[in-house]
Amino acid sequence: MRQPVTTIDIRRDLVGLLPRLRRFAIALTGDTASADELVQTVCQRAVAKSHQWNGEGRLESWVYTLARQLWNEDGRKRRDRTAAPRGNVTDIREAARERATVTDTDLIHRMLAEMPEGLASIFLLTVVEGHSYEQTADIMGIPATGVSAQLAAARLHFASLADDFHHRY
């Protein structure tokens, strides 16, 4: 039996999206092992539900939305496995100062992964991937005003780190 053209196209396009999807998954999950599991599940779901993608808009937005939905659906299991909860937005400056003392090549990756839930994803989608606030809001399932507020908090996080680094060296 021959596969529909849309499924074949989505599979091909998913391969090109894998690095960005993995970064997004790491921002959601906070660790690479969980991120890799999420990416695998998202790809399987995207292929299985390829008939639901109507070809309008960006495929990556649809795939990121699937990732976020899967991550949220798995929330109860994730909370049971998570040993240390992430902080809240008000803890950003203090935690950032503590993390700034660490100097290695994974510093930025770890800072993103340890940000309060949602901030890293929004930062990644808007600043790194170049999505608009509206696209990011759609992907994350939040109002556009929430995107701007959380992005401001994420930028504050990185600004405090840069300030600490500058004063130290």
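For the structure itself, look to the data block above.
The residue numbering used here restarts from 1 in each chain and proceeds along that chain's sequence as written. Per-residue local features are limited, in this predicted model, to residues with pLDDT of at least 70; the limit for side-chain atom pairs, both in listing and counting, is 80 or more; totals at the level of whole chains, interfaces and linings are taken over all residues. Hydrogens and water molecules were not included; the side-chain quantities draw on all heavy atoms of the structure.

Enquirer: What's the story with the overall build of the protein in this structure? I'm lost.
Expert: Here a strand is any run of E in DSSP of at least two residues, a helix any run of H or I of at least four, and the numbering for each starts at the N terminus. A count of helical and extended segments in the protein gives nine helices and zero strands. Taken from N to C terminus, the helices and strands of the protein fall in the order α-α-α-α-α-α-α-α-α. Relative accessible area decides the class of each residue, using a 1.4 Å probe on protein chains only: under 20% of the type maximum gives buried, over 50% gives exposed, and in between gives partly exposed. The 169 residues of the protein split such that 40% are buried. Only heavy atoms matter for contacts: two residues are in contact if any of them lie within 4.5 Å across the pair. Relative to all contacts within the protein whose residues are 6 or more apart in sequence, the contacts with residues 24 or more apart total 69%.

Enquirer: What exactly am I supposed to notice about the packing of helix α3 (residues 59-73) against helix α8 (residues 133-140) here?
Expert: Between two packed helices, the angle of one axis relative to the other and the distance separating the axes together describe the packing. Note on definitions: angles span 0 to 180 degrees between N-to-C directions of axes, and those axes are lines fitted to C-alpha atoms, for helices only across the stretch in contact. Viewed as axis vectors pointing N to C, α3 and α8 meet at an angle of 40 degrees, and their least axial separation amounts to 8 Å. Here α3 lies oblique to α8, going by the angle between them. Contacts from Ser61, Tyr64, Thr65 and Arg68 of α3 reach α8 at Asp138, Ile139 and Met140. Taken together, the residues of the contact of α3 with α8 sort by class into three nonpolar, two polar and two charged. Working rule for angles: under 35 degrees goes down as roughly parallel, over 145 as roughly antiparallel, 65 to 115 as roughly perpendicular, anything else as oblique. Polar here means any residue outside two lists: the nonpolar Ala, Val, Leu, Ile, Met, Phe, Trp, Tyr, Cys and Pro, and the charged Asp, Glu, Lys and Arg; Gly therefore counts as polar.

Enquirer: Explain α3 to me, please; I cannot follow it from the model alone.
Expert: Residues separated by three or four positions in an α-helix point in the same direction, a consequence of the helix having 3.6 residues per turn. Between the first and last C-alpha of α3 there are 21 Å, a value that for 15 residues agrees with the 21 Å anticipated at 1.5 Å per step. Counted residue by residue, α3 has twelve buried out of 15 residues, so it is predominantly covered. If you check which residues of α3 are buried, you get Leu59, Glu60, Ser61, Trp62, Val63, Tyr64, Thr65, Leu66, Ala67, Arg68, Leu70 and Trp71. Take the number of residues in a helix, subtract one, and multiply by 1.5 Å to get its expected span.

Enquirer: It is not clear to me how α8 should be interpreted in this structure. Could you clarify?
Expert: Along α8, the residues that are buried comprise Thr136, Ala137, Ile139 and Met140. Seen from one end, α8 has its buried residues packed into an arc of 165 degrees, which puts them on one side. Facing away from the buried surface of α8 by more than 90 degrees, the exposed residues are Glu134 and Asp138. Among the residues trailing α8, Gly141 stands out with phi positive, at a value near 70 degrees. What the arc covers is the set of directions going from the helix axis to the C-beta atoms.

Enquirer: Before we go on, may I ask you to explain the nonpolar core in this structure?
Expert: A general feature of soluble globular proteins is that nonpolar side chains tend to end up buried together. We define a nonpolar core as any set of buried Ala, Val, Leu, Ile, Met, Phe, Trp, Tyr and Cys residues linked to one another through side-chain atoms lying within 4.5 Å. In this structure, Leu21, Phe24, Val42 and Val63 are the most contacted members of the largest nonpolar core, which totals 39 residues. Mapped by element, the contributors of at least two residues to this core are α1 (5-29), α2 (32-48), α3, α7 (119-128), α8 and α9 (144-168). Among the elements that line this core, the one with the most residues is α1, at nine residues. In this structure, Val42 is in contact with Leu21, Val63, Leu66, Ala67 and Leu70, ignoring residues within four places of it in sequence.

Enquirer: What is the right way to look at the environment of Ser61 in this model?
Expert: Inspection of the secondary structure puts Ser61 in helix α3. Under the relative-accessibility criterion, Ser61 is labelled buried at 14%. Between the C-alpha atom of Ser61 and that of Met140, which follows or precedes it by 79 residues, the distance is 9.7 Å. Excluding residues that lie within four positions of it along the chain, Ser61 makes contacts with His131 and Ile139.

These results come straight from atomic positions and should not be treated as a statement about function.
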